[in-house]
Amino acid sequence: MKLKNLLLIYVYEVEPIKEYGETTLKWKYKDEMKLNIQQDIGELDVNSAGVIDFDKIKVRMDYDYNLNKSDGISFEKLEIGEDGYAIKAPEYKVVSKTKVGKTITCQCEIYHGE
């Protein structure tokens, strides 16, 4: 992949924390990477109402970075609170990670919360 197509992203991993019998999801900073981000729009990206779904992006990489399913990615570095976790959730969440040949593709969707 050409260097001009790479974009800096920040990766956060989710940690479920139990407080008073209730589980909340907190996001901890994991790493930053330069990866190829694409928004492939095709006939298969149409939802049940017939509207094109722009909420999905695909992250392509040649090497197996430490980006796993259920990790969150953001294009801006999120503010970290005093407890070591991000104050707000990242914009996208990794839904699937597929390897075809040498290329690894991660499909991400907009994260709307728990």
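Everything below is about the structure shown above.
Residue numbers here run from 1 along each chain, matching the order of that chain's written sequence. At least 70 in pLDDT is required for a residue's local features to be given in this predicted model, at least 80 for side-chain atom pairs to be given and counted, and no such filter applies to totals for whole chains, interfaces and linings, which use all residues. As a rule here, side-chain values come from all non-hydrogen atoms in the structure, and water together with hydrogens is ignored.

What follows is about the overall build of the protein. If you tally the helices and strands in the protein, you get zero helices and six strands. Numbering of helices and strands starts at the N terminus; helices are DSSP runs of H or I of at least 4 residues and strands are runs of E of at least 2. Each helix (α) and strand (β) of the protein, taken in turn from the N terminus, gives the series β-β-β-β-β-β. Counting over 114 residues, the protein shows a buried share of 26%. The criterion used for residue contact is that any of the two residues' heavy atoms lie within 4.5 Å. Long-range contacts, defined as pairs at least 24 residues apart, comprise 53% of the intrachain contacts of the protein with a sequence gap of at least 6. In the structure as shown, the protein presents an accessible area of about 7700 Å², 48% of it carried by carbon and sulfur atoms. The buried label applies to any residue whose accessible area, calculated with a 1.4 Å probe on protein chains only, is under 20% of its type's maximum; exposed applies above 50%, and partly exposed to all values in between. Surface accessibility follows the Shrake-Rupley procedure with a 1.4 Å probe radius. Residue values consider only the protein chains on display as shielding.

Secondary-structure assignment places Lys77 in the loop between strand S4 (72-74) and strand S5 (92-100). It is 25 Å that separates the C-alpha atoms of Lys77 and Asp40, two residues lying 37 residues apart in sequence. Apart from the residues lying within four places of it in its own chain, the contact partners of Lys77 are Tyr10, Tyr12 and Tyr29.

A side-chain nitrogen of Lys or Arg and a carboxyl oxygen of Asp or Glu constitute a salt bridge if their distance falls within 4 Å. A full pass over the atoms with the stated rule returns three salt bridges. The salt bridge partner of Lys30 is Asp71, with a shortest N-O separation of 2.6 Å. Of this pair, Lys30 sits in strand S2 (residues 22-38) while Asp71 is found in the loop between strand S3 (56-61) and S4, placing the two residues 41 residues apart along the sequence. Taken individually, Lys30 and Asp71 each receive the classification buried, so the pair is uniform in this respect.

Counting residues in hydrophobic clusters, the biggest one holds 14 residues, and the most contacted among them are Leu35, Val59, Leu67, Ile73 and Cys108. Residue assignment for this core shows that the elements contributing at least two residues are strand S1 (6-19), S2, S3, S5 and strand S6 (103-110). Setting aside residues no more than four positions away along its own chain, Leu35 makes contact with Asn5, Leu6, Leu7, Ile9, Val59, Arg60, Met61, Tyr65 and Leu67. Note on terminology: a nonpolar core comprises buried Ala, Val, Leu, Ile, Met, Phe, Trp, Tyr and Cys residues joined through side-chain atoms within 4.5 Å. By size, the runner-up hydrophobic cluster in this structure holds six residues, among which are Tyr10, Leu78, Ala86 and Tyr111.

Take the sheet that holds S3 next. Pairing between strands is defined by DSSP: at least two bridges between them are needed. In space, the six strands of this closed barrel follow the order S1-S2-S3-S6-S5-S4, with antiparallel pairing throughout. Ignoring strand direction, the axes of neighbouring strands in this sheet form an average angle of 40°. With six bridges connecting them, S3 and S6 associate as antiparallel partners. In the sheet register, Arg60 faces S6, and the bridge partner there is Thr105. Comment: axis = line fitted to C-alpha atoms, over the contacting stretch for helices; angle = value between 0 and 180 degrees taken between N-to-C directions.

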